[in-house]
Amino acid sequence: QYSPDSVAGADGEIDPTEVTFPGCSCRSSSCVAPECPCLCRGENYSSSLCLRLAEQPEQRFSRPVFECNSLCRCGAGCQNRLVQRGLQLRLQVFRTASKGWGVRALEPVPRGAFVCEYAGEVLGPAEARRRIQAQTAQDPNYIIAVREHLHDGRVMETFVDPTHIGNVGRFLNHSCEPNLFMVPVRVDSMVPKLALFAAADISAGEELSYDYSGRFHNVPGTSREQKPLEEENRLRKPCYCGSRMCASFLPYDSSLFSTP
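Predicted, not measured: the structure shown is a model, and the values here were computed from it.

Participant: Would you explain the pairing of strand 7 (residues 144–149) in this entry?
Facilitator: The two faces of strand 7 differ: Ile144, Val146 and Glu148 on one face are buried, but Ala145, Arg147 and His149 on the other face are not. When strand 7 meets strand 8 (residues 155–161), the two strands line up antiparallel, connected through six bridges. The partner of valine 146 across the bridge, within strand 8, is threonine 158. In textbook terms, the turn of a hairpin is the stretch between consecutive antiparallel strands, and for strand 7 and strand 8 this stretch comprises five residues, one of which, glycine 153, has a positive phi near 95°.

Structure (structure tokens):
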């Protein structure tokens, strides 16, 4: 079932459509910092509606992104409303030579531009673990686990499963040298939208990909995963990205296969 936005999972534990953030009282058509409390919470978009990218890819931490929400008084054209507008680019799902389905851009995409959301059922950790443990080695896995590390040491987890309900993002392939990167963007609540932005200028016809492990730009020396235990190799799927820094296997999260 196609859905442009994430929905509450069958476990009913998390509702991504719930509105819990207060809105700003900005009267202008487009909010500006530092007057707008939404913009003061985290990172801002540039005037060209692109995400401001850190000049140093190896930077360990990034600021969160908060958009103006449904309770804000600013107009629908506010430049702090980007991901919530949904897909604006012309994308095409196509059959690749060795990776099954893939997605490519039918128009040029500038660096930092929002491409699409990775939408699906938002699950609680128990249901996400139950679903992934029920899969066989032959089953495709679409469940993504996003972990955000807070400055005080806490870790926020978001699990999204587009297996049965999702959008075009579920067809994006992994690459060890991707042209997209994922950023959790919050609009109405602490449940983030998993937004994919262009990590570089992308040409029309180029396949879109991101690193399933969440590494950004694959900094030399940190791009390869540590050698997994031999018994874990049977659960890992080979990587066919073809990049010069290919890690041979798709990223693997062993924590989802264990009982907390």
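Participant: Looking at this structure, how should I read the pattern of salt bridges?
Facilitator: If the charged atoms of two oppositely charged side chains come close together, the side chains can form a pair. Following the criterion strictly, the structure yields eleven salt bridges and no others. Among the salt bridges present, the one from aspartate 5 reaches lysine 193, with a minimum N-O distance of 3.3 Å. Taken together, the residues span a long stretch of sequence, with aspartate 5 in the segment before strand 1 (7–8) and lysine 193 in strand 11 (residues 193–198) at a distance of 188 residues. Residue aspartate 5 is classed as partly exposed on the basis of its relative accessible area of 35%. Here arginine 131 makes a salt bridge to aspartate 161, at a shortest N to O gap of 2.7 Å. You can see arginine 131 sitting in helix 2 (residues 125–133) and its partner aspartate 161 sitting in strand 8, a full 30 residues away along the chain.

Participant: So what exactly am I meant to see when it comes to the sheet that holds strand 1 here?
Facilitator: Sheet strands pair by backbone hydrogen bonding; their relative direction is either parallel or antiparallel. Taken in spatial order, the four strands line up as 1-6-8-7 in an open sheet, and their pairing is mixed. Strands at the two margins of the open sheet, each flanked by one partner only, are strand 1 and strand 7. Pairing geometry for strand 1 and strand 6 (residues 121–123), over two bridges, is parallel. Bridge pairing in strand 6 links alanine 8 to valine 122.

Participant: Looking at this structure, how should I read the layout of surface pockets?
Facilitator: Using a probe with the size of a water molecule, rolled over the atoms, empty space left in the structure can be pinpointed. One number sums up the size of the second largest pocket: a volume of about 220 Å³. If you go around the second largest pocket, the residues you meet are Asp5, Ser6, Pro16, Thr17, Gln84, Glu117, Val187, Asp188, Ser189, Val191, Pro192 and Lys193. Its residues assigned to classes, the lining of the second largest pocket comprises four nonpolar, four polar and four charged.

Participant: Would you mind showing me how to read helix 2 here?
Facilitator: Listing the buried residues of helix 2 in full gives Glu127, Ala128, Arg129, Arg131 and Ile132. Buried residues along helix 2 sit in contact with strand 6 and strand 8.

Participant: What exactly am I supposed to notice about the environment of leucine 71 here?
Facilitator: Inspection of the secondary structure assignment puts leucine 71 in the loop between strand 2 (65–66) and strand 3 (91–95). The exposure class of leucine 71 is exposed, given its relative accessible area of 52%. Remark: the alpha-carbon pair of leucine 71 and proline 22, spanning 49 residues in sequence, is separated by 6.5 Å. Other than its neighbours up to four places away in sequence, leucine 71 contacts Val19, Phe21, Gly23 and Cys24.

Participant: So what exactly am I meant to see when it comes to the side chain of threonine 96 here?
Facilitator: Relative to the elements of secondary structure, threonine 96 occurs in the loop between strand 3 and strand 4 (101–105). Its relative accessible area of 13% is what places threonine 96 among the buried residues. Polar side-chain contacts of threonine 96 include one of 2.9 Å to the backbone nitrogen of lysine 99. Reaching out from threonine 96, the side chain makes a polar contact with the backbone oxygen of glycine 100 at a distance of 2.6 Å. Beyond its immediate stretch of four places on either side in the chain, threonine 96 contacts Trp101, Gly102, Asn173 and Glu207.

Participant: Hey, could you run me through the packing of aromatic side chains in this one?
Facilitator: Two aromatic rings are characterised by how far apart their centres lie and by the angle between their planes. A complete count under the given rule lists five aromatic pairs for this structure. Between the aromatic rings of tyrosine 118 and tyrosine 210, the centroid separation amounts to 6.3 Å while the plane-to-plane angle is 65°, which identifies the pairing as edge-to-face. One end of the pair, tyrosine 118, is in the loop between strand 5 (114–117) and strand 6; the other, tyrosine 210, is in strand 12 (residues 207–210), and 92 residues separate them in sequence. Given a relative accessible area of 4%, tyrosine 118 falls into the buried group. Taking the relative accessible area as the measure of exposure, tyrosine 210 reaches 4% and is therefore buried. In textbook terms, an aromatic cluster arises when at least three aromatic residues are bridged by ring pairs, as seen for Phe114, Phe181 and Phe197. A cation over an aromatic ring shows up here: arginine 170 above the ring of tyrosine 142, its NZ or CZ 4.2 Å from the ring centre.

Participant: Any chance you could explain the nonpolar core here in plain terms?
Facilitator: The nonpolar side chains of a soluble globular protein tend to be buried, and buried together. Ranked by size, the top nonpolar core spans 23 residues in total, and within it Leu91, Val109, Val115, Leu172, Leu180 and Leu208 carry the most contacts. The set of elements that each furnish at least two residues to this core consists of strand 4, strand 5, strand 7, strand 11 and strand 12. In terms of residue count, strand 11 provides more of this core than any other element does, three residues in total. When sequence neighbours within four positions are dropped, the list of residues in contact with valine 109 reads Leu89, Val115, Ala198, Ala200, Asp201 and Ile202. Tyr45, Val65, Ala195 and Ala199 belong to the second largest nonpolar core, which has twelve residues in total.

The rules behind the values
- Residues numbered from 1 in each chain as written.
- Predicted model: local features only at pLDDT ≥ 70, side-chain atom pairs only at ≥ 80, totals over all residues.
- Heavy atoms only, no water.
- Buried < 20%, exposed > 50% of the residue type's maximum accessible area, 1.4 Å probe, protein only.
- Helix = DSSP H or I, 4+ residues; strand = E, 2+ residues; numbered from the N terminus.
- Pairing = 2+ DSSP bridges.
- Salt bridge = Lys/Arg side-chain N within 4 Å of Asp/Glu carboxyl O.
- 1 Å grid on protein atoms, 1.4 Å probe; cavity = no way out; pocket = protein on both sides within 12 Å on 5 of 7 lines; lining within 4 Å.
- Points joined across faces, edges and corners; volume = space filled by probe spheres on them.
- Nonpolar A, V, L, I, M, F, W, Y, C, P; charged D, E, K, R; others polar.
- Contact = heavy atoms within 4.5 Å.
- Polar contact = N/O pair within 3.5 Å; in protein donor to acceptor, adjacent residues only side chain to side chain.
- Phe/Tyr/Trp six-rings, centres within 6.5 Å; stacked < 30°, edge-to-face > 60°.
- Lys NZ or Arg CZ within 6 Å of the ring centre and 35° of its normal.
- Core = buried A, V, L, I, M, F, W, Y, C linked by side-chain atoms within 4.5 Å.

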